[in-house]
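Letter by letter, the chains look like this.
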Amino acid sequence: MLDRLQSKLRKLRKRRLTALRSPPPGRLSWRLPSLSFGARVFAALVGISATVSLVIGLVLYYFAQDRLVAQERELLVQRSRTANAGASVFLEGLRDPESGALPAPDTYAEELVRATADPTGLSVLYAGLDGEPLAARDAEGGPASPQETLSRLGLDEEVLEEVGGGAEGEGRLVPVDGGGVVGNFAPGYVAVWPLLGADGATQGVLVYDTPDEGLEETLAFLRYGILGAIGTSVLLASLGSLVLARQITRPLHQTRDAAIRVASGDYSFVPVENDDELGEVAKAFNYMAEEVRHYVGEIQRQKSRLEAVLEASPEAVIAINTRECVTMTNPAAALMLGIGPSSYGLKLSELGAPEAMLDCLREASEQGAAVREVEVGEKTYWAYAARISSASDSAANNDPESSGGTILAVRDITQHRSLERAKTAFVSDVSHELRTPLTTIQSAVHLIERAGERLDPLERRALELADGELMRIRGMVEELSTLAQMDSRQYSLQVAPTDLDEVVRSALDAIDSKAKRFEIGLEYSPDGLLSGRIVCDAQKVYQVMLNLLDNAIKYSDPGARVSVSLADEGDLVLARVADTGVGIPEGDLPQLFERFYRVDKDRSRATGGSGLGLAICKQIVELHGGRLSVESEPGVGSTFTFRLPKNPAPPHAP
């Protein structure tokens, strides 16, 4: 059976894996092949490293660029100030000593820009007060077209006029969008200074510009250096990520291989190489493998024991699934019902199983358990069915093969029922046959009692003992006859509306003389009884009450008291008989209502007990749909309680 269970588990696992891998029906799916865990770890580490390196490189590059441009601006300011001071000195050298007048700007423009550009290494543009470019020199000292230079710098004539017309005589940096672009990343600057004479009069505007080739080369070198550093870091990170990914995935591959081995029955351990988290995973897996080996071994042993029990069991055991198909049987089922291993997978109804057994199985499937007595021809079977499915996985995967279904145990009780019938017939025949001689003997005893005056005291005492024993035997025969009727299902109730209070009072009146003889006090309290009218067999209930009172008196010492009470409990009426007698030991209470069971055998013989009264009382109460119970404490007393429904179901034989 365990082998079949393992086979079903493997089929279920394969079916679930197929369902997970295949797309839902009616839906097309397309996706890239998934990468392995090691490849994903490698890609993640390389990606993180490349991103971090790129961000750091860009930050460093822009920071260095800003610093270089700032330094270039400061250097431009210093050099342009020096160049402009030299231009003022040059201008003063041209002033006429006598008149103090300066020549026209276009006459000295070329010489001015040459004298200014050569010592500073700056490109110089000289423009008049009206913004008209007059002369220009490049950074290498060569002549340049003034108009082209102005266009290259992208200066606005308004800026030139504004600087030339200023009274402060200070220059300023002006951002340009033309040739002063630094590496196409940041705007360049030019220094614009007014050309002032000694008298403070503005003679024009000088524009100074630094060559961009050096700065661009520096920034290009910086860019290539940063890109090289990024590439080197990514390469090193790739190598490190590859090593790390292998260190991570190798234990996982070992654990995967070990899991496959465990699934196939090989419980070899995973090597633990480190004490890190992966080592903890390996240790946990080894612990799991050890536990699995232990539990599988235990399951194998239980399987062997279960198979031995099923093989040796005289009861037929059949297991079915939710579709009523046979999944397991034992040899007794093949002998008793003709359902063997060849019937696996077939429905029980197709194998000729009795309909009563099928009803028992269906009732157990709905309610959890069911018991039936089934008669098939001359055979009598006792059938017990129980639901063993948990409705967990089968509801999820709609697989009837994976559910436990229901199990049925069948016992052949034909011989047992035959013995019961023989016993019942024997008891009934013996009871019937004993009535006639007992009646004859009792008649003879009564006839002898008429000559009581002629008998001596010893003979009279012997006659009284004989009459008492005859009464005891007659009562025992009546009880045996009653039990025989109950066993043969011939014992019926004659129910009718009855006043329970009158029944109790009649029983108390009947037992009063015996109570006085044994010096036992009787008490009756119908307190709490709202309505004593119930539907019952008055004679049978009277028999129960009389038997309980008789037992209470017999098992009480002189001076004790027996109290009877009635109470209303809604749909039930409660009757209680309590005494202050010797009590019943706790170990005797479970067997107290069994036939022929007597707690104190010596006292029973002395008082005439047979051990059948309580058994008869219990069956009478249960026939009414009620319940009889007892509570007792040795040395304190006993309390017998029975509850009867006010409107029981129609009476019938058990």
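Refer to the structure above for everything that follows.
These numbers were taken from a predicted model, which means no experiment stands behind them.

J.: Let's hear about the overall build of the protein chain: which residues, and what values?
T.: Secondary structure summary: the protein chain contains 16 helices and 18 strands in total. Considering only residue pairs separated by 6 or more positions, the protein chain has 60% of its internal contacts joining residues 24 or more positions apart. Element-wise, carbon and sulfur atoms account for 56% of the exposed surface of the protein chain, whose accessible area totals about 37,600 Å².

J.: Describe the sheet that holds strand β15 (residues 561–569), with residues and values.
T.: Strand order in the open sheet made by the 5 strands is β13-β15-β16-β18-β17, with mixed pairing throughout. Whereas interior strands pair on both sides, the edge strands pair on one side only; in this sheet they are β13 (521–525) and β17 (627–633). Neighbouring strand axes in the sheet, compared pairwise and without regard to direction, differ in orientation by 15° on average. Strand contacts of helix α13 (residues 500–517): β13, β15 and β16 (572–579), with the helix running at about 170° to β13, the strand carrying the most contacts.

J.: So what's going on with the packing of helix α2 (residues 37–93) against helix α3 (residues 105–120)? Residues and values would help.
T.: Where α2 contacts α3, the axes come no closer than 9 Å and their chain directions differ by 140°. Considered as vectors, α2 and α3 are oriented oblique to each other. Between α2 and α3 lies a crossing of right-handed hand. Here R79, A83, A87, F90 and L91 of α2 lie close against α3, whose contacting residues are Y108, E111, L112, A115, T116 and T120.

J.: A description of the packing of aromatic side chains should follow, citing residues and the corresponding values.
T.: In this description, an aromatic ring pair is defined by two values, namely the gap between the centres and the angle between the planes. Per the stated rule, a full pass over the model turns up 3 aromatic pairs. Centroid distance Y108 to Y126: 6.2 Å. Interplanar angle 35°. Geometry classified as tilted. With Y108 in helix α3 and Y126 in strand β1 (residues 123–127), this pair connects stretches of sequence that are 18 residues apart. Both residues of the pair, Y108 and Y126, count as buried. Centre to centre, the rings of W382 and Y384 are 6.2 Å apart; their planes meet at 5°, and the pair counts as stacked.

J.: Give a detailed account of the pairing of strand β5 (residues 188–196), specifying residues and quantitative values.
T.: In terms of burial, β5 is largely enclosed, as 7 of its 9 residues are buried. Pairing geometry for strand β4 (residues 172–176) and β5, over 5 bridges, is antiparallel. Within β5, the position partnered with V174 by the bridge is V190. Judged from the 6 bridges that link them, β5 and strand β6 (residues 202–209) form a sheet pairing that is antiparallel. Note on β6: the bridge partner recorded for A191 is Y208. Taken together, β5 and the strand that follows it, β6, pair antiparallel across an intervening segment of 5 residues, in which G200 is found at a positive phi of about 85°.

J.: Go over the pairing of β1 with me, naming the residues and quoting the values.
T.: Across the 5 residues of β1, 5 count as buried, placing the element largely inside the fold. Both faces of β1 are covered, namely the face carrying S123, L125 and A127 and the face carrying V124 and Y126. Relative to strand β2 (residues 133–137), β1 runs antiparallel, the two being bridged by 4 bridges. Within β2, the position partnered with L125 by the bridge is A136. Between β1 and the antiparallel strand that follows it, β2, lie 5 residues; G131 among them carries a positive phi value of about 85°.

J.: Could you give an account of the side chain of S88, with specific residues and numbers?
T.: Among the secondary structure elements, S88 is positioned in helix α2. In this structure S88 comes out as buried when scored by relative accessible area, which is 18%. If we skip the residues at most four places from it in the chain, S88 touches L195 and L196.

J.: Report on unusual backbone geometry, specifying residues and quantitative values.
T.: The phi torsion at E324 lies on the positive side, around 65°, for a residue other than glycine. Within the fold, E324 resides in the loop between β7 (316–320) and β8 (326–329). At E519, a residue that is not glycine, the phi angle is positive and equals roughly 60°. Residue E519 is classed as exposed on the basis of its relative accessible area of 56%.

J.: Would you mind going over a negative patch on the surface in detail, with residue names and values included?
T.: Taken together, the side chains of D130, E132, D156, E157, E158 and E161 present a region of like negative charge at the surface. Tracing the backbone shows E158 in helix α5 (residues 157–164). Taking the relative accessible area as the measure of exposure, E158 reaches 56% and is therefore exposed.

J.: So what's going on with helix α4 (residues 146–153)? Residues and values would help.
T.: Counting along an α-helix, one turn takes 3.6 residues, and residues three or four places apart therefore face a common direction. Turning to α4, its buried residues number three or more, namely P146, T149, L150 and L153. Along the axis of α4, the buried positions cluster into a sector of 100°, meaning they face one direction only. Away from the buried face of α4 by more than 90 degrees, exposed residues E148 and S151 are located.

J.: Residues and numbers for helix α14 (residues 538–554), please.
T.: Relative to the 24 Å expected for 17 residues at 1.5 Å per residue, α14 spans 24 Å between its end C-alpha atoms, a close match to the ideal helical length. Of all 17 residues in α14, 12 are buried, a share of seventy percent or more. When α14 is considered as a whole, its buried residues turn out to be K540, V541, V544, M545, N547, L548, L549, D550, N551, A552, I553 and K554. Near the N-terminus of α14, the side chain that reaches the backbone nitrogen of Q539, with its oxygen 3.2 Å away, is that of D537.

J.: Residues and numbers for the environment of E631, please.
T.: Checked against the element boundaries, E631 lands in strand β17. In this structure the C-alpha to C-alpha distance between E631 and E586, which are 45 residues apart in sequence, comes to 9.1 Å. When residues no more than four places from it in sequence are discounted, the contact partners of E631 are G637, S638 and T639.

Calculation rules
- Residues numbered from 1 in each chain as written.
- Predicted model: local features only at pLDDT ≥ 70, side-chain atom pairs only at ≥ 80, totals over all residues.
- Heavy atoms only, no water.
- Helix = DSSP H or I, 4+ residues; strand = E, 2+ residues; numbered from the N terminus.
- Contact = heavy atoms within 4.5 Å.
- Areas by Shrake-Rupley, 256 points an atom, 1.4 Å probe, with all protein chains shown as cover.
- Pairing = 2+ DSSP bridges.
- Axes fitted to C-alpha atoms, helices over the stretch in contact; angles between N-to-C directions.
- Parallel < 35°, antiparallel > 145°, perpendicular 65-115°, else oblique.
- Left-handed = near helix turned anticlockwise from the far one by under 90°.
- Phe/Tyr/Trp six-rings, centres within 6.5 Å; stacked < 30°, edge-to-face > 60°.
- Buried < 20%, exposed > 50% of the residue type's maximum accessible area, 1.4 Å probe, protein only.
- Patch = residues over 30% accessible without salt bridge, like charges linked within 9 Å, V, L, I, M, F, W, Y side chains within 5 Å.
- Salt bridge = Lys/Arg side-chain N within 4 Å of Asp/Glu carboxyl O.
- Lys, Arg positive; Asp, Glu negative; His and termini not counted.
- Charge placed at Lys NZ, Arg CZ, Asp CG, Glu CD.
- Arc of directions from axis to C-beta.
- Expected span 1.5 Å × (residues − 1).
- Polar contact = N/O pair within 3.5 Å; in protein donor to acceptor, adjacent residues only side chain to side chain.

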